[in-house]
Amino acid sequence: MATHTPTASRRRWGSTVAGVIVLCVMLFPLYWMLNTALQPEAGLLQVDPVPGTLDLSGFSQAISDQGGHLLTSLAVSLGAVVICLAVAAPAAYGLARFGLRGSRTIVFGTLITQMVPGIVIANALYNSYVDLGLVNSYFGLMLADASLGIPFSIVLMRSFMVSIPGEVIEAAQMDGAGPVRTFVRVVLPMSRNSLITSGLFAFLFSWSDFMFALTLNTTDDVKPITLGIYQYIGAHVGDWGSVMAASVLSAVPAAVLLVLAQKYIAAGITGGSVK
């Protein structure tokens, strides 16, 4: 029967207190954003630490002004997820199973692309987008945002697919399944955790994108919430309640997805570490 010494108990309580302090520090900006949103009539330097009344007029104004931009971000992010997974999943499977020469170099190069500054890619894409007629289009922004998640998704799903037992794939092939059917019916279901994790991160990358949204759009036809808030601040610098309310609303979808998918994220990230 396990016993807890006084020293171990103090360490446990010390770790708990330290964790709570770190959590409070990290969550304080979110609290202050919500607190300011609930006091739309107060100036930025006049916000009370705790709102006396719950005034939701800032949220009403934010929904009226930014609701369309939220829907735009949702549509673009979901489209980017579909494109990202459609490209990354077959690529990861090929790198994991087909014994391609130089596959390790390809994976390393994929990781290197994550280090390229976004402004460099955005400026390079703009000229190509003008020639292809993709500027100010939903599909163009989906493609650009998908590129943010493809490298990460390839690396993550490859590490998971490498751990799939070869006997399972061979059994499917012996049953008459071709490469495509084996991939769709066997590999993808077994890679569910990595697929969900990759899709979630692709969504978050796209949802928080500002550089592509600013560079690849010259009109208001396609305006995600990040660009909407940016322009909203300039136009309503005196109405911080509505600005913060719009920020809170923009954080809700990401927070909900993280809560719903947290168990898949843990399994997807660690699944490829054990073979």
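Residues numbered from 1 in each chain as written. Predicted model: local features only at pLDDT ≥ 70, side-chain atom pairs only at ≥ 80, totals over all residues. Heavy atoms only, no water.

- In the annotation of an unreviewed UniProt entry, the protein chain is listed under the name Carbohydrate ABC transporter permease and assigned to Streptomyces viridiviolaceus.
- Comment text from UniProt for the protein chain, heading Subcellular location (unreviewed entry), reads "Cell membrane". (UniProt positions renumbered as here; feature names shortened; annotations may be inferred.)

### Some points on the UniProt feature "transmembrane region" (unreviewed entry) in the protein chain
Right, so step 1: UniProt records the feature "transmembrane region" (unreviewed entry) for residues 12–34, 70–93, 105–126, 138–157, 195–214 and 240–261 in the present numbering.
Right, so step 2: With 85% helix and 0% strand, residues 195–214 has its two end C-alpha atoms placed 29 Å apart.
Right, so step 3: With 100% helix and 0% strand, residues 240–261 has end C-alpha atoms that lie 32 Å from one another. (Helix = DSSP H or I, 4+ residues; strand = E, 2+ residues; numbered from the N terminus.)

### Quick word on the packing of aromatic side chains
Right, so step 1: The tally for this structure, following the rule as stated, stands at 8 aromatic pairs.
Right, so step 2: Geometrically, the ring pair formed by F152 and F201 is tilted, given 4.9 Å between the ring centres and 45° between the ring planes. Of the two residues, F152 sits in helix α5 (residues 138–161) while F201 sits in helix α8 (residues 192–207), which places them 49 residues apart along the sequence.
Right, so step 3: Judged by its relative accessible area of 24%, F152 falls in the partly exposed class.
Right, so step 4: Accessibility expressed as a relative area gives 23% for F201, which makes it partly exposed.
Right, so step 5: Centroid distance F152 to F205: 6.2 Å. Interplanar angle 85°. Geometry classified as edge-to-face. Within this pair, whereas F152 is found in helix α5, its partner F205 is found in helix α8, the two being separated by 53 residues in sequence.
Right, so step 6: A relative accessible area of 27% means that F205 is categorised as partly exposed. (Phe/Tyr/Trp six-rings, centres within 6.5 Å; stacked < 30°, edge-to-face > 60°. Buried < 20%, exposed > 50% of the residue type's maximum accessible area, 1.4 Å probe, protein only.)

### Considering the packing of helix α3 (residues 103–113) against α5
Right, so step 1: Direction vectors running N to C along α3 and α5 enclose 140°, while the axes themselves pass 8 Å from each other. Between α3 and α5, the angle falls in the class oblique. The two elements α3 and α5 cross, and the hand of that crossing is left-handed. Contacts from V107, T110, L111 and T113 of α3 reach α5 at P151, I154, V155 and R158.
Right, so step 2: When the residues that make up the contact of α3 with α5 are grouped by side-chain class, the tally is 5 nonpolar, 2 polar and 1 charged. (Axes fitted to C-alpha atoms, helices over the stretch in contact; angles between N-to-C directions. Parallel < 35°, antiparallel > 145°, perpendicular 65-115°, else oblique. Left-handed = near helix turned anticlockwise from the far one by under 90°. Contact = heavy atoms within 4.5 Å. Nonpolar A, V, L, I, M, F, W, Y, C, P; charged D, E, K, R; others polar.)

### What about unusual backbone geometry?
Right, so step 1: Located in the positive-phi region is N136, a residue other than glycine, with phi close to 60°.
Right, so step 2: Along the chain, N136 falls in the loop between α4 (118–132) and α5.

### Observations concerning the environment of L227
Right, so step 1: On the secondary structure map, L227 appears in helix α10 (residues 225–235).
Right, so step 2: Along the sequence, L227 and V87 sit 140 residues apart, while their C-alpha atoms lie 27 Å from each other.
Right, so step 3: Apart from residues lying up to four places away in sequence, L227 is in contact with F210, A213 and L214.

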